[in-house]
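Take a look at the letters that make up each chain.
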Amino acid sequence: MFSATATMLRRGAWRNRDSHCTVATIVSGKKTSQHVKERLKKEIAEMKNQLPGFRPGLVVLQVGDRDDSNLYISMKLKAAAEIEINANHIRLPKTVTEDEVLRCIVAVNENPEVHGLIVQLPLDSINAIDTEKVTNAVALEKDVDGLTSINAGKLSRGDLGSCFIPCTPNGCMELISQTGVSVSGKNAVVIGRSKIVGAPMHDLLLWNHATVTTCHSKTIDLAEKVGRADILVVGAGKAEMVKGEWVKEGAVVIDCGINHIPDSSKPSGIRVVGDVHYSSAKERAGFITPVPGGVGPMTVAMLMKNTVESAKRFLQKYRPGKWSIDYTKKKPQRPQPSDFAISCSCPSKPVGQLAREVGLFSEEVVPYGRSRAKIRLDALKRMEKQPNGKYVVVTGITSTPEGEGKQTTALGLVQALGAHLEINSFACVREPSLISCFGVKGVAVGGGYSQVIPLEEVSLQPSGHSEVICTASRLVMDSIKAHAHFETKLSEKALFDLLVPLRDGQRSVSTAQLNRLKKLAIEKSDPLTFTKTEIRSFVQLDIDPDTTTDCVSLENEIMAVLSLSSSEEDMQKRLTKIVVATNRSGDPVTTEDLDVSGTLAMLLKDALQPILMQTVEGTPVFVHTSPLADFAHGSASILADKMALKMVGPDGFVVTETGHGADIGLEKFFNIKCRYSDLQPDVVVMVTTIRSLKMHGGDHTVQTGLPLRKEYLQENLKHLETGCCHLRKQVENAQAFGLPVIVAVNKFSSDTDAELQLVCSQARQAGAFEAVQCTNWSEGGAGALNLAGAVQRAAQQPNLFKFLYDPQIPAVDKLRIVAKRMYSAKDIELSPKAVEKLALYTKQGFGNLPVCVAKTHLSLSNDPMLKGVPTDFILPITDINVNAGAGFLCSLTGSTNTEVDDPMWPCFHGNNLYSDRK
């Protein structure tokens with residue numbers, strides 16, 4: 001490899017023989033290692049040219065603080081710095097346990113910026129640690145020491161090109177090559193049988209065609225066997241064990257030993273020697289390595305070589321910003337099976353595999369069964385500096401009671417982008433709510449070949465969010481009742497003793513209680529200093545019973561809090577602001593006043609974690625939170641969207657969906673969710689269907705809960721064209737926020753070409769960026785490829801996103817803007833009750849919150865029977881509630897009372913998903 005050096009060594013050896021001089025040529029590890037490092041430096045420069053900013057990464061993991069280990073590690077770190085390898089030293093304390101070491105190794109294994117991991121041996125811990133187990137935990141592709149059983153196995157069977165060779169044996173082979181002596185056909189003797197030197201050295205020599213004998217300290221006639229060796233490698237760990245007279249004349253002697261023996265002539269009193277008696281052996285050998293300065297420097301150099309090789313292999317597979325993910329392109333069956341049958345025919349990959357494919361670390365993933373996992377918020381913190389991907393929101397027109405397929409279209413779009421166009425793509429959807437989904441909608445998330453699987457897990461095996469929210473709501477309601485009860489039954493002193501109990505002779509107030517004291521202008525934290533008046537103010541909430549919230553409203557707000565929180569800290573702050581009543585003085589009473597907000601935060605902490613699942617085609621999905629679109633904003637969680645945007649990278653796409661039509665769900669998505677998330681969408685996709693537009697253009701009566709009337713499924717261009725006025729209005733609603741709008745026509749088998757062409761033409765005339773047909777329900781991602789292309793093109797447009805109103809203007813003006821711009825109302829009319837409560841909330845400081853209008857989803861107006869584009873109507877605001885924790889004022893229009901709706905026929909009748917199965 002280094003021909004000039006090898007030539008000089010050969011000439012020196014031949015001169016020795018010709019002159020009958022038996023002094024060996026010294027093979028310097030220092031010089032050879034320097035050549036290796038210079039070559040590696042050039043290779044690293046080439047990698048930097050290939051990927052600017054790239055550097056091979058190396059981690060040295062040490063347990064304890066042994067002096068000898070520190071010396072070896074410093075040599076490795078110095079060599080890495082010389083050639084610009086990014087090396088880090090992780091030192092774990094002697095008290096570390098085996099599990100902690102293994103967790104650390106797993107974290108390094110999963111870090112894409114690290115290409116080599118060295119576990120420095122021995123492991124100096126006071127606890128029992130299985131060295132073999134720890135060594136084998138290192139990822140095969142990062143085992144630059146070559147010590148895992150798999151690498152050792154590959155070496156033993158001759159797979160030298162697919163494994164990492166242990167550094168010391170590899171360095172020995174490099175030194176042998178410098179002598180110019182061919183290994184092939186030679187008699188080689190290896191003294192030592194360790195897994196680090198002896199055993200792999202034997203295998204290397206063998207697969208380089210030497211005849212190899214392995215010896216050790218117990219070998220009989222060791223001197224005789226050494227005397228036959230053309231190549232001798234010694235790694236026995238015994239000082240000067242091999243005598244010079246044993247060595248065959250002209251042999252190559254590689255000494256791997258490092259031993260310390262007493263030497264009074266040295267200042268330190270010790271001298272470093274090898275396993276070979278150097279002074280006598282060099283008189284017979286042809287070539288010999290010194291100690292120190294021989295094999296030692298080469299071991300470090302080979303470690304650097306393996307690290308660089310690992311980085312090169314990484315770059316060969318690495319595609320900047322691209323996931324290494326396995327997709328499943330399902331061939332649709334005809335006739336199309338049920339959603340459940342499709343789900344069963346598409347086995348999901350283990351969720352741990354999916355998590356790794358999209359760049360999550362194992363310690364960030366909390367398995368929730370085989371196909372679901374909760375993702376820790378640590379993942380978002382780790383990725384916070386990464387750029388976001390493109391943000392797409394899917395909405396729809398005012399639909400029939402059966403819905404028009406927004407979730408199905410959203411999932412189909414992600415499958416088209418991911419599985420078919422190989423663009424990092426993530427869907428973020430709401431969890432199904434069993435209360436509503438057992439109606440005609442069913443419980444699937446999506447449908448057909450664009451659904452989340454397994455269907456039974458996403459639908460009938462709850463994630464626990466609804467249960468913990470119900471528990472939290474009951475806790476608050478019970479606390480209100482308990483406080484009201486004991487206020488009347490106990491003295492102020494006795495109630496104070498309950499609220500601030502004596503523990504170990506001390507009283508202390510909680511954080512929530514301290515905040516309550518500040519609200520009361522009591523600047524004290526020591527309960528022993530409170531006056532009777534201060535105690536009275538502190539313990540008496542004096543709740544007006546007529547203003548107490550109800551359990552359902554509280555559950556809705558807590559779910560909205562989960563959905564709108566950006567972190568645990570944000571959730572904790574929001575929970576403290578939830579208003580549960582008003583006191584007799586007109587001041588709000590919050591969960592913090594009840595001293596229950598901290599407990600709520602503990603209850604809901606895990607519910608903040610998005611749930612990772614997958615679609616039929618293996619694309620990732622976050623299924624997280626289910627805020628109602630009637631009484632809240634109706635979108636998946638902010639945390640799910642934020643995490644997904646980081647994970648897809650700057651060239652990827654995150655597709656999220658809103659509840660109901662653009663007049664309700666999209667308006668709340670922008671004015672509430674985007675305001676709190678600080679995220680700006682890039683594209684709006686509006687889903688429509690032929691049948692829904694016929695409904696808006698024909699007979700405007702709809703029998704809620706029963707199948708659609710047959711005329712909606714028959715060609716009627718007149719009704720369809722008339723109904724397109726509603727599509728134009730919803731496109732206008734979406735455009736009010738400054739973003740490009742793509743109309744996706746969800747195609748049904750009953751649709752004709754003339755109908756489809758008419759709707760697409762009308763959409764374009766309305767100002768849509770593009771209008772495309774979608775068949776993703778029946779074809780999966782392949783049926784949404786045109787939509788995916790349109791989304792890609794629209795995402796390249798300048799982002800001109802804007803809100804509909806300034807939250808600082810009076811609440812009544814915000815309501816009027818929404819009613820006029822989104823619903824085409826002539827004006828709004830507040831009931832006396834609404835006027836009174838709005839004045840109270842404004843006085844309490846809630847007037848600057850966004851508004852959330854609770855209105856029927858079946859019409860642009862507040863009358864569910866009115867279709868098309870009703871105008872010249874007055875929107876009645878019958879009541880207003882404050883959701884201070886969620887962060888909006890909820891305005892009721894009297895059109896969302898479920899008691900006035902006809903019941904829906906449950907979908908479990910005749911559906912084998914819910915039937916008994918063996």
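Predicted model, so just to flag it, every value in this text is computed and none were measured. (Residues numbered from 1 in each chain as written. Predicted model: local features only at pLDDT ≥ 70, side-chain atom pairs only at ≥ 80, totals over all residues. Heavy atoms only, no water.)

A. Helix α27 (residues 690–697), seen in detail. In terms of burial, α27 is a largely internal element, 8 of the 8 residues being buried. Of all the residues in α27, the buried ones are I690, R691, S692, L693, K694, M695, H696 and G697. On its buried face, α27 is in contact with β23 (683–688), α28 (717–735), β24 (741–746) and α29 (753–765). (Buried < 20%, exposed > 50% of the residue type's maximum accessible area, 1.4 Å probe, protein only. Helix = DSSP H or I, 4+ residues; strand = E, 2+ residues; numbered from the N terminus. Contact = heavy atoms within 4.5 Å.)

B. Local environment of the sheet that holds strand β2 (residues 57–63). Strand order in the open sheet formed by 3 strands is β3-β2-β4, with parallel pairing between adjacent strands. The sheet terminates laterally at β3 (86–92) and β4 (116–119), the two strands that pair on one side only. Adjacent strand axes in the sheet meet at a mean angle of 15°, parallel and antiparallel pairs treated alike. (Pairing = 2+ DSSP bridges. Axes fitted to C-alpha atoms, helices over the stretch in contact; angles between N-to-C directions.)

C. Geometry of the state of the cysteines. Under the defined criterion, the tally for this structure stands at 0 disulfides. Cysteine C172 shares no disulfide, and the gap to the nearest cysteine sulfur, in C256, comes to 3.4 Å. The exposure class assigned to C172 is buried, which follows from its relative accessible area of 0%. Of the cysteine sulfurs around C346, a residue in no disulfide, the closest is that of C344, at 9.3 Å. On the basis of relative accessible area, C346 is assigned to the buried category, the value being 5%. (Disulfide = S-S within 2.5 Å.)

D. Examining the packing of aromatic side chains more closely. According to the stated counting rule, one finds 11 aromatic pairs in the structure shown. Measuring from ring centre to ring centre gives 6.1 Å for F496 and F538, while their planes differ by 70°; the resulting arrangement is edge-to-face. Of this pair, F496 sits in helix α19 (residues 492–499) while F538 sits in helix α21 (residues 532–539), and the two are 42 residues apart along the sequence. In terms of burial, F496 and F538 fall into one category: buried. Grouping aromatic residues by their ring pairs yields a cluster made of Y391, F669, F670, F737, F801 and F803. The ring of F361 carries the charged tip of R382 above its face, separated from the ring centre by 3.9 Å. Lying across the ring of Y676, R574 places its NZ or CZ 4.6 Å from the centre. (Phe/Tyr/Trp six-rings, centres within 6.5 Å; stacked < 30°, edge-to-face > 60°. Lys NZ or Arg CZ within 6 Å of the ring centre and 35° of its normal.)

E. Spotlight on the packing of α27 against α28. The interhelical angle for the contact between α27 and α28, taken along N-to-C directions, is 95°, at an axis separation of 6 Å. One element, α27, and the other, α28, form an angle in the roughly perpendicular class. Mapping the contact onto sequence places I690, L693, K694, H696 and G697 in α27 and H719, L720, T722, G723, C724, H726 and L727 in α28. (Parallel < 35°, antiparallel > 145°, perpendicular 65-115°, else oblique.)

All quantities given are derived from atomic positions and should not be read as evidence of function.
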